[in-house]
Amino acid sequence: MFANRAEEWAAVQRGLAEVVACRRSPEFDVEDVQLPRRNVLVFSGVGGIGKSTLSRRIAERLAGPETGPEHWPPVEDGLGRVLPVRVDLSRQTGASFESVMLAVRLGLAELGKPLTAFDLALCRYWEHRHPGEPIEEHLRGNTFLRRYDGGRNFRNQLESSAGELAQLVGIPGAVLAGRTLQTAVRILRERRRNARALAGCRRLPDLLEAEPDEETLAFSAHLLAWDLAQLPEEESVTPVVLLDTFEDVGDRTHRDFERLIQRMVWLMPNALFVITGRNRLQWDDPGLEGQLDWAGPECWPQLIPGASADPRQYRVGYLSASDGEDYLRRRLVADGRPLMDETTRRVLVSRSGGLPLYLDLAAMRFLDLHERTGHAPSVDEFDHEFPALVTRIFRDLPSEERDVLRAASLFDSFSVELATAAAGLDRDSAVLRLTDRPFVDVTPGSRWPYHLHELVRTAVRSTDTVSDDRWSPDDWRRAAQRAFDALGEEFTRHGGEPSRTALLGCLRQGLRLARDYDLDLGWLAEAAYAYVRDFVWEPIEIESDGAVDSPAVALADTLTVIARRQRQHRSITATRLRTILESGALPSDLRELPMYFLAECERDLGNLPVSLEGMRSVAANGGRLAPDASRGILHLTRRLGHFPDAITAAEGLGADGKKERTVGEILWTQGSIGHACSAFAQARDLAWERGQHGEAALCQAYLAFAASFADRARAVEQIDRADHMLRGAQARFAELQVRNARLLADSGYADDLLDQATEVATLAADNGLSSCAAYAKFALCFHAAITGSQNLLATGRAWLGESLRGAEFAYLLELTYFMTGEQPPPELPRARWIDGLDETRSRWAWLVQDRRRELRDFRGE
């Protein structure tokens, strides 16, 4: 079964076009062996991905428009004649470099013309290496070469080439062999003459006189390229040599065979070589100089990672979902219908991750169960992890690399340093070899750029129970501890202040390792506090079955729940945090984490007495979150309208207590908008300098909110900046504050804000954010006061009254009366204002009057 692979075929078309354009260029010189080469197209991929099938289909399609996949467009007419030669290099075929060169020459026999320079070198080589054995008999008896047509034409062409040289030097062609051929070459040198077919081939005499071994035969590829370059344009041809199963050419230490093949490729710049194998081609690595004739990016500029011009290196992609579905549908058929039902096919395609080998194993297992039971099994009736996957992957790896693969499977993503440490090695070589394997994907530029295909990773960790060198449970735990320690070193490398991306990566991977292998928390405690310190709630999302039965599970659940509270109702978060605390699984130095955030949730839910008790408990313990708890107590005081007490407490907060932001939160309620904005701006800048970008974004959201009571143009600028700083963050409170800022900025300008305010208040209530809901209702009252709509103001006040719980938020309702110069109802709890009742009432009335003046100027009244 063959998948679409249209992108791979398009790459072949582009690569072929480039080689043809180069060959036809007036500057092209086939004898220039110094220029970089751009004639290699590589498709690498994991075993079972369909590389050999791809190679065969490419050869078929290049052979003519009537062959190969019909959905592939034919070769462009303007590219001239193309001659494919496919060579299977797998160990089973017994390929050698001699057989590869013979296969290429046999393929070119279809030209019907002698390739005189190469044929003479081949004759000399043959007489030396196979004395007395006619080449046609060797071709008939060699299973590797029997598959190639053109043997008879090839023999005739060899005789023609020998005859031309014999006629020139006056030696009978029948005896032109061995030392006689060397004599003929010396005669050519003495006469300083060349046969017409050999004109300009200045390296031919040297190659004919050199020791006729495989090294010389590889250099003779230059003669083959030279012969092809001599053909007139109307008879010219571009060979496409497809070298399949390239991983069997040798290993990463012994490259003798690979070196000879590389020499052939280098010396034939007018041919396109399409290489398919499991591993990325390493010819761009300058470290291989000495093992290969030409190594480094200056030799092979289009083989480097990230190259964009074809021909270049490609990973053969995993099958798409539709391709996988099509494969399973056609793989097992009974009475013209798919044997496997749609649900089973869909589940298996999802599990496969696009790996054809998995789908094939699943199909065979399905068929086996069907034959045993007589009915089509459901997907739940057979295992979805196949030991054969591990066997197939491990088959090609030396022992050290297998250990590295097991160690790497512990990571979601990894670097060379992490994998080396986890494997317990003191050098990187085995890891570097593994990263070139096709089942290791790479994300260039990432901190930990490598990751295993998820199916391979699962198979290695779950089904490696039968290999001779399999790991015991203790082996796995020791490797997990090494991996955990290596992540800890990554975290502490920058004094405990890694980048946000590194922090999240260390936390996610470290928590999973500690949970799965019951490791001590160690550096995770410091990392957990670093995570909450910035108030940017990227999800941790460590899977849990609900049972809190270890410190690692308790900490993972705590951080996951804290982050999720930005996307779910606060009551759900509070319930889970209570469960974590009741479990007693967290060590004493980490209990304040769920205690503090539980108190925050109770505050957002309007349970002020419970919240206050929790905040006081955290503050009294004097732990890392004590300053935040002190600020939390202050916020509760502010909600009750005790502003003189709140501002006094705020002045005593340090940087850890977010003093400037807290001051700003108090001052805007007093109508001191300018001072509040200055405090928020200062808080934002200080947070940014400390690298706390989440806190900086929250301060900007508050700044946008406060600014929206005054100058609308300035407010719009602050709102836009807040949107930019919050992009990609998980901070629902800050997002809602920005939406409330828009309501305030539009107050008086919009015809009706009721619908928009209702939408914001509803979203806030759905997330358990009572303060944001109250602010949205307050914004509607501000709009009604500006427009003078008594009915809307009454509606807004009644709606805002629903947010009051005793004295909580009563100050907001009191402010709506200050805006209009009215007296609040006597039953409303009164706030205590910093500068007194009259000054505060005057400021809020002025804000309404100032917006009205702004509106008159805007309308030209």
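The preceding data block contains the structure.
Position numbers for residues start from 1 in each chain and track the written sequence from start to end. Residues qualify for local features only when their pLDDT is at least 70, as the model is predicted, and side-chain atom pairs are given and counted only at 80 or more; totals for whole chains, interfaces and linings, by contrast, use all residues. Processing note: side-chain calculations cover all non-hydrogen atoms of the structure and skip hydrogens and water entirely.

S.K.: Give me the lowdown on the overall build of the chain, citing residues and values where you can.
M.R.: Along the chain, the regular secondary structure elements total 38 helices and nine strands. Over its C-alpha trace the chain gives a radius of gyration of 38 Å, far above what one expects of a compact globule, namely 29 Å for 861 residues. Burial status across the chain gives 56% buried among its 861 residues. Only the protein chains shown count as cover for residues, and all accessible areas are computed by the Shrake-Rupley method using a 1.4 Å probe. Entry remark: accessible area of the chain is about 36100 Å², with carbon and sulfur atoms responsible for 48%. Charged residues are defined narrowly, with Lys and Arg counted positive, Asp and Glu counted negative, and His plus the chain ends left uncounted. The atom standing in for a charge is NZ when the residue is Lys, CZ when it is Arg, CG when it is Asp and CD when it is Glu. Within the chain, one finds 105 positive and 129 negative side-chain charges whose respective centroids are separated by 1 Å. Only DSSP runs of H or I covering at least 4 residues are called helices, and only runs of E covering at least 2 are called strands; the numbering of each starts at the N terminus. To get the radius of gyration, use the C-alpha atoms; to get the globule rule, take the number of residues to the power 0.38 and multiply by 2.2 Å. Accessible area is worked out with a 1.4 Å probe on protein chains only. A residue is then buried under 20% of its type maximum, exposed over 50%, and partly exposed in between.

S.K.: So what's going on with the nonpolar core? Which residues, and what values?
M.R.: In this description, a nonpolar core means a group of buried Ala, Val, Leu, Ile, Met, Phe, Trp, Tyr and Cys residues linked to one another through side-chain atoms lying within 4.5 Å. Judged by nonpolar contacts, the single largest core of 125 residues is most densely connected at Phe43, Phe439 and Leu555. We call two residues in contact when some of their heavy atoms are within 4.5 Å. The residues touching Phe439, leaving out its near neighbours within four places in the chain, are Val46, Tyr318, Ile393, Leu397, Leu405, Leu434, His451, Leu452, His453 and Val456. Ranked by size, the runner-up nonpolar core spans 83 residues in total, among them Phe643, Ala697, Tyr775 and Met819.

S.K.: Which residues make up unusual backbone geometry, and what values go with them?
M.R.: The phi torsion of most residues other than glycine is negative, and most of the peptide bonds are trans. Backbone torsion omega between Asp310 and Pro311 reads -5°, so that peptide bond is classified as cis. With a phi angle near 55°, Thr245 is a residue other than glycine that sits in the positive phi range. Locating Thr245 in the fold gives a position in the loop between strand 3 (237–244) and helix 11 (256–266). Overall, the relative accessible area of 12% leaves Thr245 in the buried class. Within the chain, Asp335 stands out as a residue other than glycine whose phi angle is a positive 55°. Following the sequence through the fold, Asp335 ends up in the loop between strand 6 (333–334) and strand 7 (337–338).

S.K.: Kindly report on helix 11, identifying the contributing residues and their values.
M.R.: Among the 11 residues in helix 11, 10 count as buried, and that is most of the element. Burial in helix 11 covers these residues: Phe257, Glu258, Arg259, Leu260, Ile261, Gln262, Arg263, Met264, Val265 and Trp266. Looking at the buried side of helix 11, the elements it contacts are strand 1 (40–44), helix 3 (97–108), helix 9 (214–219), helix 10 (221–229), strand 3 and strand 4 (272–277).

S.K.: Let's hear about the pairing of strand 3: which residues, and what values?
M.R.: Extensive coverage of strand 3 is indicated by the burial of eight of its eight residues. In strand 3, alternate side chains face the same way, and those of Val237, Pro239, Val241 and Leu243 on one face and Thr238, Val240, Leu242 and Asp244 on the other are all buried. As judged from the eight bridges shared by strand 2 (residues 81–88) and strand 3, these two strands associate in the parallel manner. Bridge pairing links Val85 to Val241 in strand 3. For two strands to pair, DSSP has to find at least two bridges joining them. Across four bridges, the pairing between strand 3 and strand 4 is parallel. Of the residues in strand 4, the one forming a bridge with Val241 is Phe273.

S.K.: Give a detailed account of the pattern of salt bridges, specifying residues and quantitative values.
M.R.: Within this document, salt bridges are pairs made up of a side-chain nitrogen of Lys or Arg and a carboxyl oxygen of Asp or Glu, the two lying within 4 Å of each other. By the definition in use, this model includes 61 salt bridges. With a closest N to O distance of 3.1 Å, Asp469 and Arg406 form a salt bridge. Residue Asp469 is found in the loop between helix 19 (454–463) and helix 20 (473–492), and its partner Arg406 is found in helix 16 (residues 399–408); the two are separated by 63 residues along the sequence. Using a relative accessible area of 21% as the deciding quantity, one classes Asp469 as partly exposed.

S.K.: Lay out helix 34 (residues 754–766) with the relevant residues and their values.
M.R.: One less than the number of residues in a helix, times 1.5 Å, gives the span that helix is expected to have. Taking 1.5 Å as the rise per residue, helix 34 with 13 residues should run 18 Å; its terminal C-alpha atoms sit 18 Å apart, in good agreement. Buried residues belonging to helix 34 abut helix 33 (732–746), helix 35 (770–787) and helix 36 (790–801). The first or second residue beyond helix 34 is Gly768, which carries a positive phi of 70°.

S.K.: Residues and numbers for the packing of helix 3 against helix 10, please.
M.R.: As a packed pair, helix 3 and helix 10 sit with axes 12 Å apart at the nearest point and diverge in direction by 10°. Here helix 3 lies roughly parallel to helix 10, going by the angle between them. Where helix 3 crosses over helix 10, the two elements pack in a sense that is left-handed. Here Met101, Val104, Arg105 and Leu108 of helix 3 come into contact with helix 10, specifically with Ala221, Leu224 and Leu228. A fitted line through C-alpha atoms serves as each axis, taken over the contacting stretch for helices, and the angle formed by two N-to-C directions is quoted from 0 to 180°. The scheme is simple: roughly parallel for angles under 35 degrees, roughly antiparallel for over 145, roughly perpendicular for 65 to 115, oblique for anything else. In this scheme the crossing of two helices becomes right-handed for a clockwise turn of the near helix relative to the far one and left-handed for an anticlockwise turn of less than a right angle.

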